[in-house]
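Examining the three-dimensional arrangement
Here is what each chain is made of, one letter per residue.
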Amino acid sequence: MACLNETKIQDYIEGGLTAVERSLVRDHLIVCAKCNASYQRYEKLEKSLGEPVYITPPLIIERNVLRMLFPRIPSYSSIFALLAASFLLLVTSIYIYFDFANNSIVQAFQLTSHDTSNWLGSIIKAISTIFSTVYVIFKAINAFFEVIFKVNMGVEIIGLCMLLLLSWSFYLLSRLVFKKIKGSN
Amino acid sequence: MSLDDDQVLIQKILAGKRASFEELMKKHNKRIFGYIYRMVRDEDVAIELTQDFFLKLYHVLDKYNFEYKFTTWAYRICYNMVIDHVRKNPAHIESLENDTIIPKLMDSENYVKEDTLDDLVKEEIREYTWSVVNRIPPKFRELILMRYLQELKYEEIADITQLPVGTVKNRLFKAKEMLKTELEKDGVLK
Ligand SMILES: [Zn+2]
């Protein structure tokens, strides 16, 4: 039998020959070193190709695709909640900054509310009551820390910490409320 | 009709489950990116094309016909995208079409093949083989990639490329002959 061509060898490896052809090829591979060497190389090549060297796709592909398909829009509820919390934080910090020492704004509020008997007066009254109450609480906490840990942190620091805590819980609460409102619509 | 894993995922995606698309993407990313990267041989371009592929896939997913295998349908989109890209970038075509196989590693004339190359372990042969794949002409390279990297059958490749099965087979044989010749020349296959 004449030497095998490349196609024949490849066909043999893939099992694509008839039984008769197969046995002829097998016989030739035994007697012919040249064809046998070629066959061995094809086998090695097939093995290498059969285990592909994959290049790991950069993570950015999946991230970009997901971001483009499903953009994350902040929900209205969290925007409203953030605004409300910021407002609370702003008003209270202004109050603390200007007034904790002498309570003059509270007094001013109270004076104003005495003069105005309408709903605005009641609101101002309510706000000043809340502020005085909060102030009393801060003072109490400060006194508590002084007794237990023997440190005077100052009402301002306590106030600030409480404020941050308060606005954060207020934020979460408002988000919950806004979400409920939106959900019921 | 029983559905395979891909088809189950597609049903979930079509029902609005976004996480399933992420799963589908994770499952095929390696084979899609691997194919594109080895075809265009430029990482940035490959990243962009792979992203475009998945975006497109998501948008045409409702046109998928469950009677066909998902990979055949999806990889055909990928195949066409690469062809489009090469067509739109003539500079790229040139570099691809005029690409001749240039052995890089073991090219020096009086290279001592015998003992040095005996040390080439199987792993290195494999790595080297796949680096040579990147250097053969595109029309042969794409078939090798579909057959071995994307693990498709002759019939599936014929479907994707719109070539007769016989042509696919002959071209693959020719491609492997090229690879073997190159590896022999480089002294990797003895
Ligand atoms: Zn022979």
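Model, not experiment: these values are computed from the prediction.

About the criteria used
Residues numbered from 1 in each chain as written. Chains lettered and ligands numbered in written order. Predicted model: local features only at pLDDT ≥ 70, side-chain atom pairs only at ≥ 80, totals over all residues. Heavy atoms only, no water. Donors = N, O, S within 2.8 Å, 3.2 Å for Na, K, Ca; no water. Tetrahedral: all angles 85-135°; square planar, octahedral: opposite > 155°, others 65-115°. Buried < 20%, exposed > 50% of the residue type's maximum accessible area, 1.4 Å probe, protein only. Patch = residues over 30% accessible without salt bridge, like charges linked within 9 Å, V, L, I, M, F, W, Y side chains within 5 Å. Areas by Shrake-Rupley, 256 points an atom, 1.4 Å probe, with all protein chains shown as cover. Salt bridge = Lys/Arg side-chain N within 4 Å of Asp/Glu carboxyl O. Lys, Arg positive; Asp, Glu negative; His and termini not counted. Charge placed at Lys NZ, Arg CZ, Asp CG, Glu CD. Helix = DSSP H or I, 4+ residues; strand = E, 2+ residues; numbered from the N terminus. Contact = heavy atoms within 4.5 Å. Buried area = accessible area lost by both parts, 1.4 Å probe. Polar contact = N/O pair within 3.5 Å; in protein donor to acceptor, adjacent residues only side chain to side chain. Phe/Tyr/Trp six-rings, centres within 6.5 Å; stacked < 30°, edge-to-face > 60°. Lys NZ or Arg CZ within 6 Å of the ring centre and 35° of its normal. Core = buried A, V, L, I, M, F, W, Y, C linked by side-chain atoms within 4.5 Å.

This next bit is on the coordination of the zinc ion. Residue and element names in this part refer to chain A. For the zinc ion, every protein donor is listed as Cys3 (SG), His28 (NE2), Cys32 (SG) and Cys35 (SG), and the spread of their distances is 2.1 to 2.3 Å. Geometry at the zinc ion is tetrahedral, judged from its 4 donor atoms and the angles of 97 to 121° they form at the metal. In the primary structure, the donors to the zinc ion are separated according to the pattern C-x24-H-x3-C-x2-C. Of the residues examined, Cys35 reaches a relative accessible area of 2% and is grouped as buried.

This brings us to a negative patch on the surface. A cluster of acidic residues, Asp42, Glu43, Asp44, Glu48 and Asp52 of chain B, forms a negative patch on the protein surface. By secondary structure assignment, the location of Asp44 of chain B is in helix α3 (residues 43–60).

Contact with chain A, which involves 32 residues of that partner, is made by 41 residues of chain B. In total, about 3700 Å² of surface goes out of reach between chain A and chain B, with carbon and sulfur atoms giving 67% of it. Area buried by chain A at its contact with chain B is led by Leu49, Val53 and Tyr54 of chain A, which between them contribute 18% of it. One can count 6 salt bridges joining chain A with chain B. Measuring nitrogen to oxygen at the nearest pair gives 3.5 Å for the salt bridge that ties Lys180 of chain B to Glu6 of chain A.

Structurally, Thr129 of chain B can be placed in helix α7 (residues 122–133). Within polar-contact distance, the side chain of Thr129 of chain B engages the backbone oxygen of Ile125 of chain B at 2.6 Å. Residues within four places of Thr129 of chain B in sequence aside, it is in contact with Leu45, Ser48 and Leu49 of chain A together with Leu183 of chain B.

Within the structure shown, the criterion is met by 10 aromatic pairs over all chains. On the numbers, 6.1 Å between centres and 75° between planes, the contact of Phe144 of chain A with Phe145 of chain A is edge-to-face. The class for Phe145 of chain A is partly exposed, based on a relative accessible area of 24%. Ring geometry for Tyr64 of chain B against Phe70 of chain B: centres 6.0 Å apart, planes inclined by 80°, an arrangement best described as edge-to-face. Comparing Tyr64 of chain B with Phe70 of chain B, the two get one shared label, buried. An aromatic cluster is present here, built from Tyr64, Phe66, Phe70 and Trp73 of chain B joined pairwise through their rings. Looking at Lys30 of chain B, its charged tip hangs above the ring of Tyr54 of chain A, at a distance of 4.2 Å from the centre.

Let us look at the nonpolar core. Grouped together as the largest cluster of nonpolar side chains are 78 residues, with contacts concentrated most on Tyr35, Ile36, Phe53, Phe54, Leu57 and Ile144 of chain B. Excluding anything up to four places from it in sequence, Ile36 of chain B contacts Arg41, Ala46, Leu49, Thr50, Cys78 and Val82 of chain B.

With that settled, consider unusual backbone geometry. Residue and element names in this part refer to chain B. The phi dihedral of Arg41 is positive, around 55°, even though this residue is not glycine. In this structure, Arg41 sits in the loop between α2 (18–40) and α3. With a relative accessible area of 30%, Arg41 lands in the partly exposed category. Positive phi, normally seen in glycine, also occurs at Gln162, with a value near 60°. You can call Gln162 exposed: its relative accessible area is 55%.

Nothing here speaks to function; it is geometry throughout.
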